[in-house]
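Each chain, written out:
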2 protein chains.
Amino acid sequence: MTTRLARKPADSRFALKRDRMLKAAAFCFNQKGYSGTSLKDVADQLGLTDAALYYYVRNKEELVYQCYLRAAEVGREAMDRAVSDGGNGFDQVRRYLRYHVEIMVGDRGPVAIMSEIPSLKPEHRDEVLALSRSHSTRFEAMLERGIADGSIAQCDVRMTGNAIMGALNWIPKWFHGDATIAQNIVDEFPHILSSGLKS
Amino acid sequence: MTTRLARKPADSRFALKRDRMLKAAAFCFNQKGYSGTSLKDVADQLGLTDAALYYYVRNKEELVYQCYLRAAEVGREAMDRAVSDGGNGFDQVRRYLRYHVEIMVGDRGPVAIMSEIPSLKPEHRDEVLALSRSHSTRFEAMLERGIADGSIAQCDVRMTGNAIMGALNWIPKWFHGDATIAQNIVDEFPHILSSGLKS
DNA sequence: CAAAAAATTTAATCCAGATTAAAATAATGG
DNA sequence: CCATTATTTTAATCTGGATTAAATTTTTTG
């Protein structure tokens, strides 16, 4: 018990391997679904044994939880950058979209689709839901700023947010790492998802 | 063995109950995820025992499979109606969107999110994938007709299709039956998802 | 190089939830 | 009503994959 918990939080060897594991897990979950991927599937991708994963994570539930935290982080990061870039509401939205897809299809990916939030344990579920709602709220606020400053046409921000987020969240369902398509997504998605907003 | 298979295909008592079961299953799967829903969860919603479900379906895999067939059918139906309504490409797209969301949030719903296709057995998986691809292809063709007839602006139809389908497919993740919101979706989504296409 | 700590594996358990078989109840048709 | 078929339940079994403990190998460090 002087093992994991005794570590410095910043132990990079551990953190790096753990991050590789989370990516592998996200990949499997997105491909084969939660139920369809066993710990062995994830371990195989890393050249490890299923039991080895327990060195990094308490159990499968926590593996999912960590994947979702990571996914939420990616969204928040894109949002933060877009906001700090300034500009009018429309520009911020478009930048957010670009940053988010760039991260998703880039080497930070794959990002897990949050399909199994309800099967997380209550504390984890609540935390992830809170992060998720917070992100949606920030996006809706961004849309409202755009409407206020005249760069975005009047619209139902809740529904518009749901539509755009859905399109983003679905990407990992059909994108599986092909570099050409990745470039395509980055080139097209920000425009596709924002062009309808112009006032 | 003179039971199920001896039935007339149109035996309405059986078909109706089975359909109720598929809706209950879709509801559970969308809420709690595939792994998170046991057959008991589905049975509880119907006031039945888990074992009773086996009267209608061979096993859990087939339950999912049937849910997905039903989801595919809903999409095809909306597409068929929109096409047969005629008009230019843009009008057809907008109508397709309206029909599809109407069905999804209406009493034909809930429609299962196809998150677990890979865990279907090969024959089923291939069939569902084929249906799914066929639907996407038809939608892309619709976009191309719109571009050809000048009602839709030049765009990458593949990416645009992916974006719009993603937004649609994600709806069951956040819509859970509230009638007010259902109306909202029907009122807003077709416009939100098509306004960016105008040429 | 020799502890000590970190990382992984081997080899069992363990268990929720799927599945099955037989029995019981409900519906239906003559 | 009776007989037959449809539907559901009860009460087991069965099982894949998660989990655990102990042993083993690898890495670090003084």
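Relevant structure appears above.
Computed from a prediction, not measured in an experiment: that's the story for all the values here.

Focus: the nonpolar core
Phase 1 of the analysis: Counting 132 residues, the largest nonpolar core has A:Y96, A:F189 and B:Y96 as its most contacted members.
Phase 2 of the analysis: At 12 residues, the largest contribution of residues to this core is made by helix α3 (residues 60-84) of chain B.
Phase 3 of the analysis: Once you skip the residues sitting within four places of it in the chain, A:F189 turns out to touch A:V101, A:A167, A:I171, A:W174, A:N184, B:M159, B:N162 and B:A163.

A look at the interface of chain B and chain A
Phase 1 of the analysis: Across the contact, 32 residues belong to chain B and 32 residues belong to chain A.
Phase 2 of the analysis: Summed over both partners, the interface of chain B with chain A comes to about 2,600 Å²; 64% of that surface belongs to carbon and sulfur atoms.
Phase 3 of the analysis: For the pair chain B and chain A, the number of links is 0 salt bridges.
Phase 4 of the analysis: Remark: the boundary between chain B and chain A carries 8 residue pairs in polar contact (both at pLDDT 80 or more).
Phase 5 of the analysis: Listed by contribution, the elements that provide at least two residues to the side of chain B that touches chain A are α1 (12-36), α6 (157-174) and α7 (179-194) of chain B.

Structural notes on the relation of the copies chain B and chain A
Phase 1 of the analysis: Least-squares fitting of chain B to chain A yields an RMSD of 0.0 Å, with the transformation described by 0.0 Å of translation along the axis and a rotation of 180 degrees. Taken together, the rotation and translation relating the two chain copies correspond to the operation of a two-fold axis. Rotation axis and chain B: the residue whose C-alpha lies nearest the axis is B:G196, separated from it by 1.8 Å.
Phase 2 of the analysis: Interface residue correspondence from chain B to chain A reaches 100%, placing this contact among same-surface, isologous pairings.

Analysis parameters
- Residues numbered from 1 in each chain as written.
- Chains lettered and ligands numbered in written order.
- Predicted model: local features only at pLDDT ≥ 70, side-chain atom pairs only at ≥ 80, totals over all residues.
- Heavy atoms only, no water.
- Core = buried A, V, L, I, M, F, W, Y, C linked by side-chain atoms within 4.5 Å.
- Buried < 20%, exposed > 50% of the residue type's maximum accessible area, 1.4 Å probe, protein only.
- Helix = DSSP H or I, 4+ residues; strand = E, 2+ residues; numbered from the N terminus.
- Contact = heavy atoms within 4.5 Å.
- Buried area = accessible area lost by both parts, 1.4 Å probe.
- Salt bridge = Lys/Arg side-chain N within 4 Å of Asp/Glu carboxyl O.
- Polar contact = N/O pair within 3.5 Å; in protein donor to acceptor, adjacent residues only side chain to side chain.
- Least-squares fit on C-alpha atoms with pLDDT ≥ 70 in both.

Bear in mind that shape data such as this cannot, by itself, settle questions of function.
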